[in-house]
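Spelled out, the chains give:
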Amino acid sequence: MKTSTGAKSLLGYLNIIHAFIPGFTKMARLLHRLLNVKGKSLTYLVYLIGSLAVMRPYAVNMTSWLQNYFTSTVHIHSSSETHDMLTSWIASRGLEDAARSFIAKVNTTRRNYGDRSRAVKKPLQFLPYNAGFFIWFKKQPLLCKINEEGTGYSKYENISVTCLGRSSNILKALLKECQDEYLNHIENKITIFGHCSSQWRKEKAKDIRPLSTVILKDSEKSPLIKDMKDFLEPQTRNWYSQRRLPYRRGYLLHGPPGTGKSSFSLSIAGELGMDIYAVSIPSVDDQSLKTLFEQLPDNCVVLLEDIDAVGSVYSRELGADGPNSDSKSHAEKNGVTLSGLLNVLDGVAAQEARVVIMTTNHIKKLDPALIRPGRVDKKVEFQLADRDVAMQLHRFIFDQPIAPSSESTPQAKVDPSTERHAIEFARKVPEGEFSPAQIMSYLVQHRHEPGVALDNVQRWIEAMREETKKAKASTTTTTF
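Here's a quick rundown of the structure. The model shown is predicted, which means the values in this text are computed figures rather than measured ones. (Residues numbered from 1 in each chain as written. Predicted model: local features only at pLDDT ≥ 70, side-chain atom pairs only at ≥ 80, totals over all residues. Heavy atoms only, no water.)

**So, the pattern of salt bridges**
Spelled out, the test is: What counts as a salt bridge is simple: a side-chain nitrogen of Lys or Arg found within 4 Å of a carboxyl oxygen of Asp or Glu. Secondary structure elements are taken from DSSP: a helix is a run of H or I of four residues or more, a strand is a run of E of two residues or more, and numbering for both begins at the N terminus.
Within this structure, the stated rule accounts for 14 salt bridges. Taking the shortest distance from any N to any O, the salt bridge between Glu-424 and Arg-427 comes out at 2.5 Å. Separated by three residues within a single helix, Glu-424 and Arg-427 lie in helix 14 (residues 416–428), roughly one turn from each other. Three or more residues are tied together by salt bridges with common partners; here these are Arg-93, Glu-177 and Glu-181.

**Observations concerning the packing of aromatic side chains**
Stated formally: Pairing of aromatic side chains requires ring centres within 6.5 Å, counting the rings of Phe and Tyr and the six-membered ring of Trp. Pairs whose planes differ by under 30 degrees are stacked, by over 60 edge-to-face, and all others tilted. Throughout, exposure labels follow a simple rule: accessible area from a 1.4 Å probe, protein chains only, divided by the maximum for the residue type, with under 20% read as buried, over 50% as exposed, and the rest as partly exposed.
Scanning all chains against the criterion turns up eleven aromatic pairs. Pairing Phe-193 with Tyr-277 gives two aromatic rings, centres 4.5 Å apart and planes at 5°, and the pair type is stacked. Here the residue Phe-193 occupies a position in strand 7 (residues 189–196), and Tyr-277 occupies one in strand 10 (residues 276–280), the gap between them amounting to 84 residues. Per residue, the accessibility class of Phe-193 equals that of Tyr-277, and both read buried. Ring centres of Phe-264 and Phe-382 lie 5.9 Å apart, and the angle between their planes is 65°; on these two criteria the pair is classed as edge-to-face. In this pair, Phe-264 sits in helix 8 (residues 261–271) while Phe-382 sits in the loop between strand 13 (378–381) and helix 13 (387–398), placing the two residues 118 residues apart along the sequence. Judged by relative accessible area, which is 0%, Phe-264 ranks as buried. Relative accessible area serves as the criterion here: at 1%, Phe-382 is assigned to the buried category.

**Describing the side chain of His-195**
To be explicit about the condition: By the criterion applied in these results, polar contacts are pairs of N or O atoms within 3.5 Å in which, for protein atoms, one can donate a hydrogen and the other can accept it, and in which residues neighboring in sequence qualify only through two side-chain atoms. Throughout, a contact is declared for two residues whenever any of their heavy atoms are within 4.5 Å.
Within the secondary structure, His-195 is located in strand 7. In this structure the side chain of His-195 is engaged in a polar contact, spanning 3.1 Å, whose partner is the backbone nitrogen of Ser-280. In this view, His-195 contacts Trp-200, Arg-201, Glu-203, Ala-278, Val-279, Ser-280, Ser-283, Val-284 and Leu-292; residues no more than four positions away in its chain are not counted.

**Quick notes on the packing of helix 4 (residues 81–92) against helix 5 (residues 169–185)**
How we decide: Axis definition: a line fitted to C-alpha atoms, limited for helices to the stretch in contact. Angles are taken between N-to-C directions and run from 0 to 180 degrees. Roughly parallel means an angle under 35 degrees; roughly antiparallel means over 145; roughly perpendicular covers 65 to 115; every other angle is labelled oblique.
With their axes 9 Å apart at the nearest point, helix 4 and helix 5 run at an angle of 85° to one another. Relative to helix 5, the element helix 4 lies roughly perpendicular. Between helix 4 and helix 5, the contacting residues are Glu-81, Thr-82, Asp-84, Met-85, Leu-86, Ser-88, Trp-89 and Ser-92 on the first element and Leu-174, Leu-175, Glu-177, Cys-178, Gln-179, Glu-181 and Tyr-182 on the second.

**A closer look at empty space enclosed by the protein**
Heads up, the condition is: Grid spacing is 1 Å over the protein atoms alone, the probe is 1.4 Å, and a cavity is where that probe fits but cannot get out, while a pocket is an open set with protein on both sides within 12 Å along at least five of seven lines and lining residues have an atom within 4 Å of a point. Grid points are joined across faces, edges and corners, and a volume is the space filled by probe spheres set on the points. When residues are grouped by polarity, Ala, Val, Leu, Ile, Met, Phe, Trp, Tyr, Cys and Pro land in nonpolar, Asp, Glu, Lys and Arg in charged, and all others, Gly among them, in polar.
Counted by the stated rule, this structure contains one cavity of 30 Å³ or more. Residue lining of the largest cavity: Arg-248, Arg-249, Gly-250, Leu-345, Asp-346, Arg-354, Val-356, Gly-374, Arg-375 and Asp-377, and that is the complete set. Counting residues per element, the ones that place at least two in the lining of the largest cavity are strand 9 (248–254), helix 12 (338–346) and strand 12 (354–360). By residue class, the composition of the lining of the largest cavity is two nonpolar, two polar and six charged.

Interpretation note: all reported values are geometric properties and have no functional meaning in isolation.
So this is what it looks like as structure tokens:
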């Protein structure tokens, strides 16, 4: 069977391709057999495919050259709050729908706080995943790429945004708009940051809880608020700077569980317009704690809850058999040592322009070196409820709120009968026996029935005392 002139020409062309791309021989034979059936159309197609295959390396190099010299790119790591700014901006415009690769998750972000009836159970959320898509900003196309990088527990998301041209002004304008919208969205909210290993991560943004809703004795609350506000005044910072003193402040809130230490910390951070960075002491070691403190921004609150956990680690360092025992090695590898904590608080490289709040239920367990002046500038004891606190709690639950005044403290409409109930309730609750959290829990249970709350308070007191007895007996048995 004779081979047509076009076929011979095509075979010659395939041989040229084979010189550039080894392994083309088998394909050439297959196409040669198909030529007798398909004719010129296949010939032109092979010409096109071959040309593209030969030119592909040059095209890749050309693309890389264009990207290097004629585009600008900004990269955003998922550990940065800028990541939240950009993703919120994209989501608010529905631009994530342009991605063809996405991951489906249950959306845990609560939106319509005021109307719970519209809440959808386990709503689905679709997020771009290892995807690239175009977005338009100020009439210019921007290429957005979202990639997951790293391995195992060290995985993180990296977003890159690329524009045409050597100027990055359009990218900076985009991020500025994202920032403005984000700050507007979280206005009157406090942002809480937790951590994963040695990286800070935004956990949630909560509505600021007014300090008036944190029920404490005025002798505990007012001096502490005044001291914090005074420290953050610009003139105070200048005073520290002029005298070359480290600009930092430390507070220790101590007292039984449920007395309002954590609630107060969150409220005062919101009142002062500062974000809060919470460290779980048992989940970090010296190096990760040092790294976390190095990443802290200016003007923030660092919350170290249950700081006595450091004391327990420190006490294990020496161990029963002295400083060379295995327990010391275990503590150094798996916990925060006292020296490690002291270094981040006021060591040579310690960060400034931050407020540290430490909380503990057991102040006697703390090493004196940790709470000496200079590391802890003010200690405040949060006590169990007295008569005044019990009365405030009753008013808070049962008084009818009215529109807030121009000041930050909300007002309440006082019902004479409710006031009588509050006085009688506070008289029946023994002082120094129950925490504000325990009393609040009981009153919330009867929030629509102030009379029932008053009538049943003695029964509740007896039940709580019985529960405490059982807990103590259980603890004694376990210890024995």
